[in-house]
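Residues per chain are reported as follows:
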Amino acid sequence: IYRCDWSSDVCSSDLHIEPSIASGLAQANLPVTFDAAVRGTDNTITWDMGDGLGQKTGKSIVHEFTTPGTYTIRVRVQYTSGIEESDSITYIVQ
């Protein structure tokens, strides 16, 4: 089910971020897989991992945090219709 604000062309759905390792259990310098739980396959998906190392793209990405800390991870989906949505989580790395 989508909830849309047509005045701003923003819809919300069940988009959420699914890490392979729970927040607080991840270790620095070890890979973690992040999946964007999103409907459809013809979307542009961009990730900001919150560590200043640039953006990644794709439905599923692998990332290594080099330093322990608390990060805000953001995912943004742009649909072929032009509508965009995003989600973010706070992620703790030991």
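This text follows the structure it describes.
Within every chain, residues take consecutive numbers counted from 1 along the sequence as written. Confidence filtering applies because this is a predicted model: local features only for residues at pLDDT of at least 70, side-chain atom pairs given and counted only at 80 or more, and all residues used for totals across whole chains, interfaces and linings. As a convention, hydrogens and water are excluded, and side-chain values are obtained from all of the structure's heavy atoms.

For the purposes of this entry, the term helix denotes a DSSP run of H or I that reaches at least four residues, the term strand denotes a run of E that reaches at least two, and both are numbered from the N terminus. A count of helical and extended segments in the chain gives zero helices and nine strands. Starting at the N terminus, the α and β elements of the chain follow one another as β-β-β-β-β-β-β-β-β. Throughout this description, buried means an accessible area under 20% of the type-specific maximum (1.4 Å probe, protein chains only), exposed means over 50%, and partly exposed covers the range between. Taking all 94 residues of the chain together, the buried fraction comes to 30%. Across the chain, the fraction of contacts at a sequence separation of at least 24, relative to all contacts at a separation of at least 6, is 52%. Contact definition: two residues touch when any of their heavy atoms are within 4.5 Å.

If charged atoms from side chains of opposite charge come close, those side chains can pair. We define a salt bridge as a contact between a side-chain nitrogen of Lys or Arg and a carboxyl oxygen of Asp or Glu at a distance within 4 Å. Throughout the structure, instances matching the rule amount to one salt bridge. Glu84 is paired through a salt bridge with Arg76; the nearest N and O atoms lie 2.1 Å apart.

The next point concerns the nonpolar core. Counting 20 residues, the largest nonpolar core has Phe34, Trp47, Phe65, Ile73 and Tyr91 as its most contacted members. Going through the elements one at a time, strand 4 (31-37), strand 5 (43-48), strand 8 (69-79) and strand 9 (84-93) are the ones with two or more residues in this core. For this core, the element with the highest residue contribution is strand 8, accounting for five residues. Nonpolar core, defined: a set of buried Ala, Val, Leu, Ile, Met, Phe, Trp, Tyr and Cys residues in which side-chain atoms within 4.5 Å join the residues together.

This paragraph deals with the pairing of strand 9. Any two strands are treated as partners once DSSP identifies two or more bridges connecting them. Where strand 8 lies against strand 9, 10 bridges are found, and the strand directions are antiparallel. If you follow Arg76 over to strand 9, its bridge partner there is Ser86. Counting the residues between successive antiparallel strands, the hairpin from strand 8 to strand 9 contains four residues, one of them, Gly82, with a positive phi of roughly 100°.

What follows is about the packing of aromatic side chains. To pair, rings of Phe, Tyr and Trp, with the six-membered ring standing in for Trp, must have centres within 6.5 Å; the planes then decide the type, stacked if under 30 degrees apart, edge-to-face if over 60, and tilted in the middle. Evaluated as defined, the whole model comprises five aromatic pairs. Both rings, one in Phe34 and one in Trp47, keep their centres 6.3 Å apart while their planes meet at 55°; by these two values the pair is tilted. Here Phe34, found in strand 4, pairs with Trp47, found in strand 5; they are 13 residues apart in sequence, far enough to count as distant. Grouping residues by exposure puts Phe34 and Trp47 together as buried. Each member of the aromatic cluster is reached from another via a ring pair, and the members are Phe34, Trp47, Phe65, Tyr71 and Tyr91.

Moving on to the side chain of Asn43. Looking at the secondary structure, you find Asn43 in strand 5. For Asn43, the contacting residues outside a window of four places in its chain are Val38, Val77, Gln78 and Tyr79.

As far as function goes, none of this settles anything; it's purely spatial.
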